[in-house]
Amino acid sequence: MSSPNSAYPDTPATRTKPKRHEWPLWEVFIRGQHGMSHRHVGSLHAPDEEKAILNARDVYTRRNEGVSIWVVEARHIAASSPSEKGPLYEPSESKVYRHPTFFDIPDEVGAM
Amino acid sequence: MTHTAAYFEFLCRMGDNTLVLGHRVSEWCGHAPVLEEDIALANTALDLIGQTQMWLGLAGEVEGKNRDADKLAMLRDVWDFRNCLLVEQPNGDFGQTMMRQFLFDVWHLAMLTELKNSSEQRVADIAAKAIKEVMYHVERSGETVIGLGDGTSESHARMQKALDLLWPYVGELFIPDAVDIAMAEAGIAPDLGKLRDTFDAQVGDVLAAATLTIPDGNFAHKGGRSGTQHSEHLGHLLTQMQWLQRAYPGATW
Amino acid sequence: MYAQMVKSEAADDSAEAKAFQARIDAGEKIEPKDWMPAGYRKTLIRQMGQHAHSEIVGQLPEGNWITRAPTLERKAILLAKVQDEAGHGLYLYCAAETLGVSRDELTEMLLDGRMKYSSIFNYPTLTWADMGAVGWLVDGAAIMNQVPLQRTSFGPYSRAMIRICKEESFHQRQGYDIMMKMAAGTEAQKKMAQDALNRLWFPSLMMFGPSDKDSVHSTQSMAWKIKMNTNDELRQKFVDQTVPQAEYLGLTVPDKDLKWNDEKGGYDFTEPDWDEFFDVLKGNGPCNTERLAARNKAWDDGKWVRDGLLAHAEKRSIRKVAAQ
């Protein structure tokens, strides 16, 4: 399922198994408010892009999080390789959309 | 029949439809074919339960007998329910559930579209809120009916079977009685017969794309909306839904 | 916990593994394409998979009461909560998929018993008070573990946990809210509330797993920051937090040896019956058979739907290409 530049790695587990009849994986990007850019919020499975958008609405906007949805099949995402100099300093800036500070953590999470 | 009695009946019809269908759809939670569908079905059920609270809440106010939405939902017996027969039919397989949903959704959207212009402001307000949810329901159930109808030979056969089974429950949605006529004359609700063309056009498009065939014949089961003759299924549904309230009268939860 | 007794693979002592450990020690997040030891990958797949399975099987005991909820509002809240659990399972499966295993593979391993889910979901929900107790105790115990896991070293897991914790903030509260209503209600309701606490107290303590202070698996997982606390630490914290909440409800924790210990600044309490715990893990809990049967039925009955929608998608894409 992965090309060399895919955002997902190949592992021996996926290489040795026969190809499955499985719904493909989609990455979901949501514009939270007018004027903001789309942000990566997570992934889901869907048989095609129409259904992927519907599923994204149901899965990722349960709490009114979005005004616009993008989906792209995960295998179409090209990703930069980790630095040749070693694994130590891959800049997190290359995946801004993956940055956890995007999310607000409510105070009550800690409280209860 | 007084105006108030007819108005109350009408509101119960709207609220009982969403109550019973919402209950049916909620039965899927944790058992759907794939996680994304499980989550989507729960969203539909949640929308319908929310709409029930609005319709039956208003019904209770109009009736003026100190019955709120919960009392109406939990403490009436079968003969007082005014939902159409279609929504009380069992879930069957996933295809049957989605076909039932689609047929109801298309009628529901046409109805709410008219109710947005109701002479009763509170009805118009509920319709305006519900219609946003129902537009999505139609889109989702329609896509699913198309996908499964035009999918594998097995999924096609199952969807055709579901359509054959459920089609005789469609007619009831469009047959006006004294309540409907009174509501139409008061400008509260539309002439039901007028919704049929919109329904037929939209259902026809989707079923064509789904490669499904509408069964011959105009036979329509009746008795749900009037409450005169529900199916046996409704009693079992109420047995579950109302159990706690019946077993422990007066308790607050 | 939702991931109980996850066996950790051993680390290797290559230069890469040392550099990898240094990144974790420095608080960096590991991302899917980064180099990682095979053991880290395997252990994480096992842990996230089990965590996800627990969310999905965890829908069933509460789903058992959706159609019997006593009011429309309670029905909506419970449905929204059980739906969230499906969502949380989905997020966790997707996070595991970044490691190269597919969701369907993980699902099949759950269904044929190769992978486990939390012991707690093999207990029955017998009255409406169990909806309160599950939210209060089971979600309360889960949150103990999930809040620190937001800081776990694997980026996708951490992000899933952040989203999950954010959404879960209402779960424990809705449970406690049900308990408050029951405990202040009729005699029958009070009896239900106490009965629910009696049945679910020790199974909730079991969620944290047996003591692991001497376990090599836990030591390795903690070094990799995929486990953040020992089981005993979390269990103690849970008891200390929960006992006053039970007292507020006027309910009795079913442990006659429970008492405050000034010296350690926490409660002394009776350990759960670990023989029972291992029996449940082996498949002998009160509901193991029903839970797995329900998941297998959903999966088997759903096959034609998954296949049908995929077949339609393939037809549609062929038509699109043909039209271009």
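Residues numbered from 1 in each chain as written. Chains lettered and ligands numbered in written order. Predicted model: local features only at pLDDT ≥ 70, side-chain atom pairs only at ≥ 80, totals over all residues. Heavy atoms only, no water.

## Remarks on the overall build of chain B
Part 1: Within chain B one finds eleven helices and zero strands.
Part 2: Of the regular secondary structure in chain B, the N- to C-terminal order runs α-α-α-α-α-α-α-α-α-α-α.
Part 3: Along the first, second and third principal axes, the C-alpha set of chain B runs to 55 × 40 × 30 Å.
Part 4: Evaluated residue by residue, chain B yields a buried proportion of 60% over its 253 residues.
Part 5: Within chain B, contacts between residues at least 6 apart in sequence are counted, and of these 81% link residues at least 24 apart.
Part 6: Counting only carbon and sulfur atoms, one obtains 53% of the accessible surface of chain B, whose full area is about 9500 Å². (Helix = DSSP H or I, 4+ residues; strand = E, 2+ residues; numbered from the N terminus. Buried < 20%, exposed > 50% of the residue type's maximum accessible area, 1.4 Å probe, protein only. Contact = heavy atoms within 4.5 Å. Areas by Shrake-Rupley, 256 points an atom, 1.4 Å probe, with all protein chains shown as cover.)

## Digging into helix α10 (residues 231–249) of chain C
All names here are of chain C.
Part 1: Between its first and last C-alpha, α10 extends 27 Å over 19 residues, near the 27 Å set by a 1.5 Å rise per residue.
Part 2: Within α10, burial applies to N231, L234, R235, Q236, F238, V239, T242, V243, Q245, A246 and L249.
Part 3: In this fold, the buried residues of α10 make contact with α6 (129–149), α7 (155–183), α8 (187–206), β2 (266–268) and α11 (274–284). (Expected span 1.5 Å × (residues − 1).)

## Looking at the environment of V67 of chain A
Part 1: Counting through the fold element by element, V67 of chain A comes out in the loop between α2 (49–60) and β3 (68–73).
Part 2: Its relative accessible area of 42% is what places V67 of chain A among the partly exposed residues.

## What about the side chain of R82 of chain B?
All names here are of chain B.
Part 1: Mapped onto the secondary structure, R82 falls in the loop between α3 (69–74) and α4 (85–88).
Part 2: You can call R82 buried: its relative accessible area is 11%.
Part 3: In this view, R82 contacts E9, C12, R13, D16, G224, R225, S226, G227 and H230; residues no more than four positions away in its chain are not counted.

## Thoughts on the packing of helix α2 (residues 38–57) of chain C against helix α4 (residues 72–97) of chain C
All names here are of chain C.
Part 1: In the contact formed by α2 and α4, the axes pass within 8 Å of each other and the chain directions differ by 160°. In terms of axis orientation, α2 runs roughly antiparallel to α4. Relative to α4, α2 is oriented so that their crossing is left-handed. Contact with α2, carried on its side by M48, H51, A52, H53, E55 and I56, involves E85, A86, H88, G89, L92, Y93, A95 and A96 of α4 and no other residues of that element. (Axes fitted to C-alpha atoms, helices over the stretch in contact; angles between N-to-C directions. Parallel < 35°, antiparallel > 145°, perpendicular 65-115°, else oblique. Left-handed = near helix turned anticlockwise from the far one by under 90°.)

## Quick word on unusual backbone geometry
All names here are of chain B.
Part 1: With a phi close to 60°, N66 is a non-glycine residue in the positive phi region.
Part 2: Residue classification places N66 among the exposed positions, given a relative accessible area of 67%.
Part 3: Despite not being glycine, T211 shows a phi value in the positive range, around 60°.
Part 4: Note that T211 resides in the loop between α9 (192–209) and α10 (232–241).
Part 5: With a relative accessible area of 41%, T211 lands in the partly exposed category.

## Things to note about the packing of aromatic side chains
Residue and element names in this part refer to chain B.
Part 1: Throughout the structure, instances matching the rule amount to 20 aromatic pairs over all chains.
Part 2: Relative to W55, the ring of F10 has its centre 6.5 Å away and its plane inclined at 75°; by these criteria the two rings are edge-to-face. On the criterion of sequence distance, the pair formed by F10 in helix α1 (residues 3–26) and W55 in helix α2 (residues 35–63) is long-range, its members being 45 residues apart. In terms of burial, F10 and W55 fall into one category: buried. (Phe/Tyr/Trp six-rings, centres within 6.5 Å; stacked < 30°, edge-to-face > 60°.)

## Quick notes on the sheet that holds strand β2 (residues 38–45) of chain A
Residue and element names in this part refer to chain A.
Part 1: Strand order in the open sheet formed by three strands is β2-β1-β3, and the pairing between neighbours is antiparallel. Each edge of the open sheet is held by one strand with a lone partner, namely β2 and β3. In this sheet, adjacent strand axes meet at a mean angle of 25° when their direction is disregarded.
Part 2: Note that strand β1 (residues 25–31) and β2 share seven bridges and pair antiparallel. Paired with R31 across the strands is H38, a residue of β2.
Part 3: Together, β1, β2 and β3 form the strand contacts of α2, whose direction differs from that of β2 by roughly 105°. (Pairing = 2+ DSSP bridges.)

## Section: the environment of P272 of chain C
Residue and element names in this part refer to chain C.
Part 1: Within the fold, P272 resides in the loop between β2 and α11.
Part 2: For P272, a relative accessible area of 4% corresponds to the buried category.
Part 3: For the pair P272 and P210, spaced 62 residues apart in sequence, the C-alpha to C-alpha distance is 9.0 Å.
Part 4: Apart from residues lying up to four places away in sequence, P272 is in contact with F202, L205 and M206.

Everything listed here is a matter of coordinates, which is why it stays silent on function.
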